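# Notes for the structure review
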Amino acid sequence: MNEKENEKIKQSEVREQPSRMSRRTRPVRKTQGQILQEALGLNPEDLKNIEAKLSIIKFLDYFSEEILDFIFKDRNVEQYINKISEKIEKFGLGGEEDKLLKKGFEDKKIVETVERLKVNAEALAISKGINKSVDKRLRNLSFIVSAPLLAIAVIFLILPMIGIPDTSFLMFPLLCVFCMVPQLVKSAVVKKWYIFKEENRSEIYTKNRDDFLVLKSYIGEVLANIRSNLLEMEVPLELIKFSLFNRDYENLNIINQKQLRGLTEYYVSFEYPEGMEPFPIPETLRQQYEKPLFPEKQKDEKPEKNFVVLTEMKGEDGVITGFIPSLKENLAEKINQLLNDSEFTESPLKFTEIIPNYSKDTVIYCICGEITEISVTNICNWKNKFKFYLFEGKQCRCGDQIYALSLMDPSEEIPEELKEIFLS
């Protein structure tokens, strides 16, 4: 239930009179959990239980991947731990499987592990000259930079009052500086912070590998528990979508992935046990749950072009048998330049011949989570040095449009200038 607590869906409007609606007949907003409950006849407490487990997973997964985002944030971490501990206590009142989750939480000493990792990460940061959270440093710097600028602005306002010639013509450039300088300082600090995280990510993991593995192991247990519960309740697994920052857990389908700074966010759902037929999706749910993962654009907006690269590509002789679609928002400018420097010819092979098993498991997704329907397949020739595929998707109902790039053969040598696009 990826952000289900925040997403609400309207029912059809029922009107008593054409011109107005009474309070009693206004559209009722329901959460996705409520819609699932009604359509599948589920117990509300069962859904709350699953949502609680997903919230535990999301914190532990993010913490274990981006621990530096939590350093010197004692209050925030304490709040997370308290909320998780409250949920775990309730598991002790549930069935045997939930009691095992509570026992695993205690036996693995998850709270102590989180606290120890945070302390160790803070010690490393202090040893490298960082002793405050990035949020606090940004607030302090913003005040340090803004206060003198504000004082200067006040002086310029006072000068005419004490007989000094009008200097109001300087106010506009001063205001520009007043607005720009804090932003420039903030950008510099944030950039430096991301560099610091990237440079020290490996060291923190290496030094605390056992503790990280404890967290990953427990996350795996909770995921297995949720999947088992959903199968027992006969909930169609593809309806339950959520995001994680690690893709190495078992029994998950990767729906989509999005590149963030130094990190990849994976949108996933549970996969069925081998040989098991998927549960049918009721028609009342199909319309709701086939909606995009992200909000739709207004119809009058121009389609957003998004570049996807088929990473970890498998296949040979121009036929693709496997890949992971990776959204490359941060490389859009370089990909545009790559395409501008390339000559296009339509592929002699049909798309179904290039990716013959284009299906739920091997598919290109729009950023909203919808399957992309490919309209044109091009072979691009970059400076007569390197050939690759460009698949043009039809405009998605969310308003976006996908352009997917792929190698034609995984063994093909990639020019040094293009490795960041095809290999990163």
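This is a predicted model, so every value here is computed, not measured. (Residues numbered from 1 in each chain as written. Predicted model: local features only at pLDDT ≥ 70, side-chain atom pairs only at ≥ 80, totals over all residues. Heavy atoms only, no water.)

Our next topic: the overall build of the protein chain. Along its length, the protein chain carries twelve helices and eleven strands. Within the protein chain, contacts between residues at least 6 apart in sequence are counted, and of these 67% link residues at least 24 apart. A total accessible area of about 24,400 Å² is found for the protein chain, and carbon and sulfur atoms account for 51% of it. (Helix = DSSP H or I, 4+ residues; strand = E, 2+ residues; numbered from the N terminus. Contact = heavy atoms within 4.5 Å. Areas by Shrake-Rupley, 256 points an atom, 1.4 Å probe, with all protein chains shown as cover.)

At a minimum axis distance of 7 Å, the contact between helix α3 (residues 74-91) and helix α4 (residues 96-107) shows a crossing angle of 135°. With respect to each other, α3 and α4 are oriented oblique. Along this stretch, α3 crosses α4, giving a crossing that reads as left-handed. Mapping the contact onto sequence places I84, I88, E89 and F91 in α3 and D98, K99, L101, K102, F105 and E106 in α4. Along the lines of polarity and charge, the residues of the contact of α3 with α4 split into five nonpolar, no polar and five charged. (Axes fitted to C-alpha atoms, helices over the stretch in contact; angles between N-to-C directions. Parallel < 35°, antiparallel > 145°, perpendicular 65-115°, else oblique. Left-handed = near helix turned anticlockwise from the far one by under 90°. Nonpolar A, V, L, I, M, F, W, Y, C, P; charged D, E, K, R; others polar.)

Glancing now at the pattern of salt bridges. All told, the structure shown has 21 salt bridges when counted by the stated rule. Put simply, K197 and D69 hold a salt bridge, and the shortest N to O gap is 2.9 Å. With K197 in helix α7 (residues 171-207) and D69 in the loop between α2 (44-65) and α3, the pair connects residues that are 128 residues apart, well separated along the chain. Taken individually, K197 and D69 each receive the classification buried, so the pair is uniform in this respect. In this structure, the salt-bridge partner of E312 is R247, at a minimum N-O distance of 2.8 Å. (Salt bridge = Lys/Arg side-chain N within 4 Å of Asp/Glu carboxyl O. Buried < 20%, exposed > 50% of the residue type's maximum accessible area, 1.4 Å probe, protein only.)

Turning our eyes to something else, we now look at helix α5 (residues 110-127). Between its first and last C-alpha, α5 extends 26 Å over 18 residues, near the 26 Å set by a 1.5 Å rise per residue. Every buried residue of α5 is listed here: I110, V111, T113, V114, L117, K118, A121, E122, L124 and A125. Along the axis of α5, the buried residues cluster in a sector spanning 165°; they form a single face. G129, located one to two residues past α5, shows a positive phi value of around 90°. (Expected span 1.5 Å × (residues − 1). Arc of directions from axis to C-beta.)

To continue, consider the nonpolar core. In this structure, L60, L223, L230 and F242 are the most contacted members of the largest nonpolar core, which totals 60 residues. If one sorts the elements of this core by residue count, helix α8 (residues 209-232) sits on top with nine residues. Excluding residues within four positions of it along the chain, L60 makes contact with I110, V114, L215, Y218 and I219. (Core = buried A, V, L, I, M, F, W, Y, C linked by side-chain atoms within 4.5 Å.)

As a further point, take helix α10 (residues 332-340). Within α10, the full set of buried residues consists of I335, L338 and L339. All buried residues of α10 project into a common sector of 95° when viewed along the axis, lining one side. Opposite its buried face, α10 presents the exposed residues E333 and N340, each directed more than 90 degrees away.

Next up on the list: unusual backbone geometry. What is expected of a backbone is that most residues other than glycine have negative phi and most peptide bonds are trans. The phi torsion at E234 lies on the positive side, around 60°, for a residue other than glycine. Structurally, the position occupied by E234 is in the loop between α8 and β3 (242-244).

As a further point, take the packing of α2 against α8. Where α2 meets α8, the closest approach of the two axes is 10 Å, and the angle between their N-to-C directions is 155°. Considered as vectors, α2 and α8 are oriented roughly antiparallel to each other. Handedness of the α2/α8 crossing: left-handed. Every residue of α8 that contacts α2 at N49, I50, K53, L54, I57, L60, D61, F63, S64 and E65 is listed here: F212, L215, K216, Y218, I219, V222, L223, N225, I226, N229 and L230.

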